[in-house]
Every structure is written in structure tokens, then in C-alpha cells.
Amino acid sequence: MFLSPLFNIISMIDLDAWITLVTIVALMAALLFTRIRTDVVFLGAVGILFVTGVLDTTEAFSGFVNSSVLIVGVMFVIVAGLSYTGVLLWMTKHVFGQPRGEVRPLLHLMVPVALLSTFVNNTSVVALCVGVVKLWSRKLGIRSSKLLIPLSYAGGMGGPVAAIATPTALLLCGMYEQQTGQSLSIFASTLPAVVCFVAATLVLIVFRRLLPDISTPESAFDNTGDYTLEMLVTSNNRHIGETIGELGLNRVHAGSLVEVIHFDDERQVLPVRDDEPLLGGDRLIFSGRIDDLLELAKEMGFVSPDHSVFSVYGTSAKRCLRTAYICFGSSLIEKRLCETSFEQDHGMTLVAVSRKGERICQSPREIVLHAGDLLLFAHQPRKKINTDALKSQLQFFDSPEIPVTGLKPLVSTAIMIGMVLLATTGVLSLLQSAFIAAGAMLVFGCCSPSQAMNAINWNILISLGGGLAMGTALQKTGLAGQMAAGVFDLCGSHPLLVMIVLCLMAAVVTEFVSNSAAISLMFPIVYDATVEIGCNPLPFAIALLLAVNAAFLTPISTPLNLLVYGPGGYRATDYLRIGLPVKLTYLTTAIIIISLIYGV
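The model shown is predicted, which means the values in this text are computed figures rather than measured ones.

Draft legend 1. Structural view of the overall build of the chain. Within the chain, the secondary structure is distributed over 24 helices and nine strands. In the chain, which comprises 600 residues, the share counted as buried stands at 55%. The long-range share in the chain, meaning contacts at least 24 apart out of those at least 6 apart in sequence, stands at 79%. Counting every atom, the chain has about 24900 Å² of accessible surface; 62% of that belongs to carbon and sulfur.

Okay, here's the thing in C-alpha cells:
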């Protein structure tokens, strides 16, 4: 009996519907099983539907200029203003306090993060908080792995509280208005989202023992003597005058030459060039397999210095040490740095690699890199690393702090508050107020035009536009209606049962594709289901929003989970263990509170 609705759907669909169905299945498979960029996958899917005639020009590409997509893009500029004036960093550093015990730190973390994520893009909030939380956890004497998953969950649960900054909430507002002709209040989901947050937080506190207790990945770098070796070139060494390239020191199988510090201690070479001459009194700093490097030192006639000058702690006048995590989807995955020009292009030298909290005892440049690996880089202090340009490859969490000085922090804060007030009072639409706020950020110098453009995540915007096109295709070909009819056949006409089934479907889909993609694919089905049973679509739309944001079970389900995956040294099962009771509680609470509010 459960398969009959599916057979009915298959028997009724035409060629365009088949093309749409196959395209969506291929899209989800590509997102799940390949490392192809998300935006490329969505653009490819839109191209297929356009070329095959399923969608015309307007239907295929109107999503890219949809008001919801535009708002998300403009919000990136506003967040850049808050970031570059130091407001967000100041807020995240000064609101957590010094709580004691096991429960209070979770509350001091999750409540402010959820509140901030209500008004600022939650991905930006979590990215800023990761480094702060790691330092905070050290002060409290708590493993950061106990706090980073709650950080991710709080950001995800704070997003649906108001449809201001989170792409899924803004996307839902746009699709709802397009289908019903009625604008959706930015606070329509506030009460259910707040109740769900409270319930899920209480469950997370009750089950806090399930949070993983893992040593921080960067602790593998604490003892530099375990993976670096300093060699001193004596004044009578036979190789003085030869170049690094002639001696082959840049291509040592046992490790990597990190830097050369010349005898006068004034000039440091980083990264080391092949044409750099070897001089008496030079210090050569290698990283890699210590035993093999000692053999190299003996062979070359180098000796150990009286004292070490290389330390992972702090920033010296001669070098900066930075840690970064490899992002999912990075082009560095499954590559060795020795096969690329990455170090030369960016003026950094790879010193060591840590994976799941354990340093890999290999020559760093010879290691095949994986997503989530922690990399330790060295670079000259005067060399400014463009972390914005590298954000699709690496996520840096130890960026230099932006001081909160002058009037600009106050100006950027006032601009953000003004935008919210204009939108909530109905003086201007959210899109209009967002454009004014973004312009004000540029006019008052809260961020530069280049910083604003670099802050825009085009991957997200293209994916949102492509997701809207997928939703249009589902409705135009009748697939959404037929799937909704299938749900109706399965559940009958009882609205509560229909809501439960649709929420479960969305909750499963969102664990394997982005929540924006999940809401784009599910909203047409949800809307057609409400039309089929003659119900108000509003409570079903809110339930869908909460369901797709309850992405707690896998590290790939949302960018928030990915951001804490590497820094926490987590495994995929860590999310499942604590995420399952939190997700079940969140979904159950959502359905109960929405049914009570709207009488479903």
C-alpha cells in the first residue's frame, strides 16, 4: 500500500517531468558523492533544464535576481562592515563571560550565538566564534570539542528566529510570496523557533555527556621539537657559497625546509628560494621526520645550535605562524603541496599537518591532504595573507584581531540597527533597507569596496538561484503536485499527519544537501500539499523552515557543521551521537508548538 502512490506518480509523469526528476536525482548525487563545487552543480542542473526546454529563459534564470537572493548578497556586505570595524569580534569575545561548571558554559555560549545569528548571517557568526571559543575553552579548562558542536547548533537554531540574515529564511519568504501573493512577516517564525531552541538546548544539556571529549587538533603542534629540526652551518662547512637549489635542500625526501635565518640574525628567508646562498652561521629550520633529518644534518656537516629560535607560540619579529583548516570542496584535497605552487603563490611555507588531533609524521609537502586537516604555516610578518581570497580553500581561525577603536564600530552598529528598524516597522522593505545599509557601510568607511566584494559568497548566491529554478521546474512539470498527492494518499486528509510526514521528509533531505537546496526542493511539494487538503500554507511553511534548519546529524549537512568539523577534531559519528536526540526534540517541539498556535 505504501508503494502504490509512488507507482501512480511514475505512471502519470510526462517527458519534461522525467527530465526534471532525473536532473534533481543527478544533482543530489553530485552534491553527495562528488567534490564538484555546489554552485557548479546547480548551474549545470539549470543548464540542463533550460537546454531541454523544460524551463524557458525567464523561468531558468529569474531566481538569480529574486529578491531573497539579492537580500542575501547585500547582507554579506553589511556583515563585512560589522566584521572589519571589529564589532562582531568584540561581541563574541565579551559576551561569553567566565562561567563555571558544565552547564553554564553551554548556556553562556548558545544563547548569545543564537541571538546574534538572528540578525547576522549565522555562517559568519560561527566562523568568527570558532577561534574565540577555542581560546575561551582554554581559560575555562574545558575541551573545545565540548563547545564547538553546540556553537554550530546554536547558529543553526538562531537563524530561523527572524527572516533577516539566514538564506533559508529569506528564501522561504520569497517563495511564499511568489506562490501566495502575500508577504511573510520576518518574525512569523519567531515564537516556534524560540521554543524549539529552548527545548533543544535543554536536551543538549541533559545529554552533554555525549559531546565528544577530544584533544584540540592544534595541540599536536605544541612541541615543535617533535617535528622541526634546526641545523647550524658552521663557519668551516664545505658547502658555504653553494645555493639551496644546488644542494637540493628544498627537495629533501625526509622533510621540508621551512626557513633560513642568516648568521647576522637580521635577514630571514621565507619561503626559501633555490637561488639563496648558504652562509656560515646560517640556521636552517626543517620540518618532517626527525630521525631522517638528523642523518641529513650529519651528511651535510651541519650541527645542532645551542638554543632554538623556532617556536609555535606567538608571533616573533621574524615569522608569523598561522593555522588553517582545509575546507570541504577545496582544490587542495587529495593533493600534495609539492605538486602545486601554493606556497610560492601565497608566500607561506607549510610546517606541519595534523589530522583528527594527531600530527602526521611525514614530510609536510608530501602528505596527501584531506578535508578537515589542520595546517601550520609560517610566513614573514610583513607578508599579509589575503584570507578572504583563500576562503574557498582554507579557513583561518587565528587571524589578527581587528581593534575596536574610534567611531566606526558605533557607526556600523547604528547602521545595522537602523536597517532592522526600517524593515520591521514597514517603512521600507527588507531589500530596500538592506541596500541602504550596505551603501552606508561603504560611505562611512566601515569596509572598503574590495572588502565588500570579497565578502560576497557567490557560491551561496548561485546555489540559491539554482535552487529556485529547481523548485520552478518541480511545479511547472507537475511533479510537486503529484508528490503532494502521494503524501495525501499516504496520510489521508489529516493536516497534522501531512505536516509530520513532510517535516520528516525535509529533515532527512537536509542532512545530505544544503538546507537552502532542501527548502528549494521541498517548498513546492509542501505548498501543493496544503492546496490539496485546503489548509493555510503558513504553518506548513514555518514547519518546513524549522525542519530544514535542524541539520544536526552529519558534518556535510550545513556550512556551520563543516566550520567546526576540523577545529574540533571530530568524526562523522560524533555529530550523529549528540545530534539525534537534539534533532528529534527539535522536530517534535516544532510540530507541537505550530499545531497549538495555528490549530492544525
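Draft legend 2. Seen up close, the pattern of salt bridges. Tallying each qualifying case throughout the model produces nine salt bridges. Note that Arg 273 and Asp 275 form a salt bridge whose closest N and O atoms lie 3.3 Å from each other. Across the pair Arg 273 and Glu 276 runs a salt bridge whose closest N-O atoms are separated by 2.8 Å. Overall, Arg 273 belongs to the partly exposed group, its relative accessible area being 45%. For Glu 276, a relative accessible area of 2% translates into the label buried. One network of salt bridges, in which partners are shared, links Glu 102, Arg 208 and Arg 209.

Draft legend 3. Structural context of the nonpolar core. Ile 78, Leu 151, Tyr 153, Met 419 and Met 470 are the most contacted members of the largest nonpolar core, which has 145 residues in total. Setting aside anything within four residues of it in sequence, one finds Tyr 153 in contact with Leu 204, Phe 552, Asn 561, Tyr 575, Ile 578, Gly 579 and Val 582. The next biggest cluster of nonpolar side chains, apart from the first, holds 20 residues, and it includes Ile 244, Leu 247, Val 252 and Ala 254.

Draft legend 4. Seen up close, unusual backbone geometry. Positive phi is not limited to glycine here, since Glu 334 has a value of about 65°. Inspection of the secondary structure assignment puts Glu 334 in the loop between strand S5 (320–326) and helix H14 (342–346).

Draft legend 5. Spatial organisation of the sheet that holds strand S8 (residues 374–379). Spatially, the five strands line up as an open sheet ordered S7-S6-S8-S5-S9, and their pairing is antiparallel. Where the open sheet ends on each side, the last strands, each with one partner, are strand S7 (358–359) and strand S9 (394–396). Relative to S8, S5 runs antiparallel, the two sharing six bridges. Along S8, the bridge assignment pairs Ala 324 with Leu 375.

Draft legend 6. Structural view of the packing of helix H3 (residues 38–51) against helix H18 (residues 458–476). It is the contact of H3 with H18, at a shortest axis distance of 8 Å, that shows an interaxial angle of 30°. Seen from above, H3 lies across H18 with left-handed handedness. Taking contact as the criterion, the partners of Thr 38, Asp 39, Phe 42, Leu 43, Ala 45, Val 46 and Leu 49 in H3 are, on H18, Asn 459, Ile 462, Ser 463, Gly 466, Gly 467, Ala 469, Met 470 and Ala 473. A class-by-class count of the residues in the contact of H3 with H18 yields nine nonpolar, five polar and one charged.

Draft legend 7. Examining the packing of aromatic side chains more closely. The tally for this structure, following the rule as stated, stands at nine aromatic pairs. For the pair Phe 50 and Phe 61, a centre-to-centre distance of 5.3 Å together with 70° between the ring planes defines the contact as edge-to-face. Here Phe 50 is found in helix H3, whereas its partner Phe 61 is found in helix H4 (residues 57–61), with eleven residues between them in sequence. The partly exposed category is assigned to Phe 50, whose relative accessible area is 32%. Seen in terms of ring centroids, Tyr 565 and Tyr 575 are 6.4 Å apart; in terms of plane orientation they differ by 25°. Their pairing is stacked. You can see Tyr 565 sitting in helix H23 (residues 559–568) and its partner Tyr 575 sitting in helix H24 (residues 572–598), a full ten residues away along the chain. Ring-pair connections join several aromatic residues into one group, and the members of that group are Phe 50, Phe 61 and Phe 64.

Draft legend 8. The arrangement of H3 in detail. Helix length check: H3, at 14 residues, gives a terminal C-alpha distance of 20 Å against a target of 20 Å (1.5 Å per residue), a fit within 8%. Along H3, the positions that sit buried rather than exposed are Asp 39, Val 41, Phe 42, Ala 45, Val 46 and Leu 49. For H3, the arc enclosing every buried residue in end-on projection is 165°, short of the 170-degree limit, so these residues lie on one face. Positive backbone phi, at 85°, marks Gly 53, one or two positions downstream of H3.

Draft legend 9. Quick look at a nonpolar patch on the surface. Together, Leu 15, Trp 18 and Val 22 make up an exposed nonpolar region whose accessible area comes to about 320 Å². What makes Trp 18 partly exposed here is its relative accessible area of 36%.

Draft legend 10. Inspection of the pairing of strand S4 (residues 283–288) at higher detail. The element S4 is extensively covered by neighbouring structure, given that six of its six residues are classed as buried. Burial along S4 is two-sided: Arg 283, Ile 285 and Ser 287 facing one way and Leu 284, Phe 286 and Gly 288 facing the other are all buried. As judged from the five bridges shared by strand S1 (residues 228–232) and S4, these two strands associate in the antiparallel manner. When the bridges of S4 are listed, Met 231 appears paired with Leu 284. Strand direction decides the pairing type here: strand S2 (residues 255–261) and S4, joined by six bridges, are antiparallel. Paired with Val 260 across the bridge in S4 is Leu 284.

Calculation notes
Residues numbered from 1 in each chain as written. Predicted model: local features only at pLDDT ≥ 70, side-chain atom pairs only at ≥ 80, totals over all residues. Heavy atoms only, no water. Helix = DSSP H or I, 4+ residues; strand = E, 2+ residues; numbered from the N terminus. Buried < 20%, exposed > 50% of the residue type's maximum accessible area, 1.4 Å probe, protein only. Contact = heavy atoms within 4.5 Å. Areas by Shrake-Rupley, 256 points an atom, 1.4 Å probe, with all protein chains shown as cover. Salt bridge = Lys/Arg side-chain N within 4 Å of Asp/Glu carboxyl O. Core = buried A, V, L, I, M, F, W, Y, C linked by side-chain atoms within 4.5 Å. Pairing = 2+ DSSP bridges. Axes fitted to C-alpha atoms, helices over the stretch in contact; angles between N-to-C directions. Left-handed = near helix turned anticlockwise from the far one by under 90°. Nonpolar A, V, L, I, M, F, W, Y, C, P; charged D, E, K, R; others polar. Phe/Tyr/Trp six-rings, centres within 6.5 Å; stacked < 30°, edge-to-face > 60°. Expected span 1.5 Å × (residues − 1). Arc of directions from axis to C-beta. Patch = residues over 30% accessible without salt bridge, like charges linked within 9 Å, V, L, I, M, F, W, Y side chains within 5 Å.

Just geometry here; none of it tells us what the structure is for.
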